[in-house]
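A look at the structure
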Amino acid sequence: ARQNTSFLHGFAAFCIFCCYPLPLVGIGTAYQYHVRMRLIGNILWLILGGLFLAASWAVIGVVLCVTIIGIPFGIQSFKMAKLALWPFGSQIRSL
């Protein structure tokens, strides 16, 4: 019986596009590679659960902002929602 190879062809194309080793020439091409990997990682993260996680943090932030004492925690929850939505390439800075 003939096997369906469309998955294998698609997976091979994905690997060639995403997992291509870093080019050895020029800084611009390596930078473009990192931008492409961040974009693909963020899209996969968003589809595979990042959207649900970010929505959960946003709801928690709204609930915490109801009281005066919870407002600082609510603001931090909104920051966590932003980080959970698009994590790759984000920077976390301390005070």
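A quick note: this is a predicted structure, and the numbers were derived from the prediction, not measured.

Once that is clear, we can look at the side chain of N42. Within the secondary structure layout, N42 lies in helix α2 (residues 27-64). If we ignore the near neighbours within four places in the chain, the residues touching N42 are W86, P87 and F88.

Below, the discussion takes up the environment of M80. Along the polypeptide, M80 turns up in helix α3 (residues 71-85). The exposure class assigned to M80 is partly exposed, which follows from its relative accessible area of 36%. A C-alpha to C-alpha distance of 7.5 Å links M80 and A54, two positions 26 residues apart in sequence.

Right, let's get into the side chain of S77. By the secondary structure assignment, S77 is in helix α3. Residue class for S77 comes out buried when judged on its relative accessible area of 4%. Ignoring any residue separated from it by four or fewer positions in sequence, one finds S77 in contact with W57, I60, G61 and L64.

Glancing now at α3. The periodicity of an α-helix, 3.6 residues per turn, causes residues three or four positions apart to be oriented the same way. The end-to-end C-alpha distance of α3 is 21 Å, a good match for the 21 Å that 15 residues give at a rise of 1.5 Å each. Those residues of α3 lying buried are G74, S77, A81 and A84. Seen end-on, α3 carries its buried residues on one side only, within an arc spanning 75°.

Moving on, we get to the confidence of the model for the protein chain. In this model, the protein chain carries a mean pLDDT of 78, and residues with pLDDT of at least 70 account for 64%. Mean pLDDT across the secondary structure elements of the protein chain bottoms out at helix α1 (residues 6-18), with 66, and peaks at α3, with 92.

The rules behind each value
Along each chain, residue indices are assigned from 1 in the same order as the chain's sequence is written. Residue-level local features of this predicted model are given only where pLDDT is at least 70; pairs of side-chain atoms are given and counted only at 80 or more, and the full residue set underlies all totals for whole chains, interfaces and linings. No hydrogens and no water enter the side-chain calculation; it runs on all heavy atoms of the structure. Runs of H or I in DSSP of at least four residues are treated as helices and runs of E of at least two as strands, each being numbered from the N terminus. Whether two residues are in contact is decided by their heavy atoms, any of which lying within 4.5 Å being enough. Three labels apply to residues, based on accessible area from a 1.4 Å probe with only protein chains included: buried if under 20% of the type maximum, exposed if over 50%, partly exposed otherwise in between. Here the expected span of a helix is defined as 1.5 Å times the quantity of residues minus one. Note that the arc is computed from the directions linking the helix axis to the C-beta atoms. For every residue, the pLDDT score states the predictor's confidence, bounded by 0 at the bottom and 100 at the top.

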